[in-house]
Amino acid sequence: MSGRCARGRGLEKADRAALLALGHELSFAPRVVLLHQSEPSSHVLFVLSGWTKVTAAAANGYEALLALRGPGDIIGESAALTGRTRSATVTALEQVRTVAVQRERFTDFLARSPAASFALLGLASDRTRAADRRRPEFASMNVKERFATLLLDLARTHGRRTDDGIELSVPLSKQELAGSVGASREMVQRLLKELRERRVVLTGRRALVILQPDVLRRIARARSAE
């Protein structure tokens, strides 16, 4: 899961500026929903600042964390282009600023700009390819290996160096971490406790610092070493 693999800034600067000029700014407080799964598409959002989570709810009520989207990302474009209902819910993890562009204005602009259309097609393709690549990789791992892989991914895409180690810059709850690896919140609590006792990570309120990434790499590679 990566929030940096496919960004709205793949658009040329002029196209991005032109699209932003078509919209109006919207701000969202932490934990407020920006887009709801299964609702009709009326607009797309360009994220200016702050981080969001993309989740999908299964029939049994389980909520899977699919991706993180942040500054430079565009969200809701797939439903706007296809005319289908939204496939996921997007929720603010912190204070988020966006520009909302109405669907009709968005699609009219793309009809006049082939370059922007191809850029967004590439964006959608990159996101699909990343998701398709992760499914078989995760399917061959146990929960502990998936969790180690997730923490390494987050360190690479959302980590910042501190005196202690690599601090994850996106505030994720234990439930959200569990939703990323298909585990229960209790299982993630147990894994974090084990990693804390081994001095692999430090945890606080919605804060996590990775002290020994090499240990996580060994855990993530355990299956292939068998």
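From a predicted model like this one, the values you see are computed outputs, not experimental measurements. The numbering scheme is per chain: residues are counted from 1 as the chain's sequence reads. Local features in this predicted model are restricted to residues whose pLDDT is 70 or higher, and side-chain atom pairs enter the listing and the counts only when it is 80 or higher, whereas totals over whole chains, interfaces and linings include all residues. The basis for the side-chain values is all heavy atoms of the structure; hydrogens and waters are excluded.

Draft legend 1. Examining the pairing of strand β11 (residues 201-204) more closely. Relative to strand β12 (residues 207-210), β11 is paired through four bridges, and the arrangement is antiparallel. The residue of β12 that forms the bridge with Gly204 is Ala207. Here, any two strands with at least 2 DSSP bridges between them count as paired. Only DSSP runs of H or I with at least four residues qualify as helices, and only runs of E with at least two residues qualify as strands; both kinds are numbered from the N terminus onward. Connecting β11 to the antiparallel partner β12 that follows it, the hairpin turn spans two residues, and Arg206 within it adopts a positive phi of roughly 50°.

Draft legend 2. A look at the sheet that holds strand β2 (residues 33-35). One open sheet holds the four strands; their spatial order is β2-β7-β4-β5, and the pairing between them is antiparallel. The sheet is open, and its two borders are formed by β2 and β5 (63-69), each paired with just one other strand. Averaged over all pairs of adjacent strands, the angle between their axes in this sheet comes to 35°, without regard to strand direction. Sheet topology note: the β2/strand β7 (residues 89-92) ladder contains two bridges and is antiparallel. Residue pairing across strands places Val33 opposite Thr91, the latter belonging to β7. Running at roughly 100° to β5, helix α6 (residues 174-181) makes contact with β4 (52-57) and β5 of the sheet. Fitted lines through C-alpha atoms serve as axes, helices being fitted only where they are in contact, and the angles separating the N-to-C directions of these axes extend from 0 to 180 degrees. Residue contacts are counted whenever heavy atoms from the two residues lie within 4.5 Å of one another.

Draft legend 3. Quick peek at the packing of helix α5 (residues 143-158) against α6. Where α5 contacts α6, the two axes come as close as 9 Å, and the packing angle between them is 110°. Viewed along their axes, α5 and α6 adopt a mutual orientation that is roughly perpendicular. You can see that α5 and α6 cross each other, and the crossing is right-handed. Here α5 contributes Arg146, Phe147, Leu150 and Leu154 to the contact with α6, which in turn contributes Leu177, Ser180 and Val181. In terms of residue class, the contact of α5 with α6 is made up of five nonpolar, one polar and one charged. To sort the angles, those under 35 degrees are grouped as roughly parallel, those over 145 as roughly antiparallel, those from 65 to 115 as roughly perpendicular, and the leftovers as oblique. Note on convention: near helix rotated counterclockwise from far helix by under a right angle means a left-handed crossing. Clockwise means right-handed. Polar here means any residue other than Ala, Val, Leu, Ile, Met, Phe, Trp, Tyr, Cys and Pro, which are nonpolar, and Asp, Glu, Lys and Arg, which are charged; Gly is therefore polar.

Draft legend 4. Layout of α5. By definition here, a helix of n residues has an expected span of 1.5 Å times n minus one. The end-to-end C-alpha separation of α5 is 21 Å, in line with the 22 Å expected for 16 residues at 1.5 Å each. Whether a residue is buried, partly exposed or exposed follows from its accessible area with a 1.4 Å probe, protein chains only, as a fraction of its type maximum: under 20%, in between, or over 50%, in that order. Burial analysis of α5 places 13 of its 16 residues in the buried class, the great majority of the element. Polar contacts here mean pairs of N or O atoms no more than 3.5 Å apart (in protein, one a potential hydrogen donor and the other a potential acceptor; neighbouring residues in sequence count only if both atoms are side-chain atoms). Its side-chain oxygen 3.1 Å from the backbone nitrogen of Lys144, Asn142 forms the N-cap of α5.

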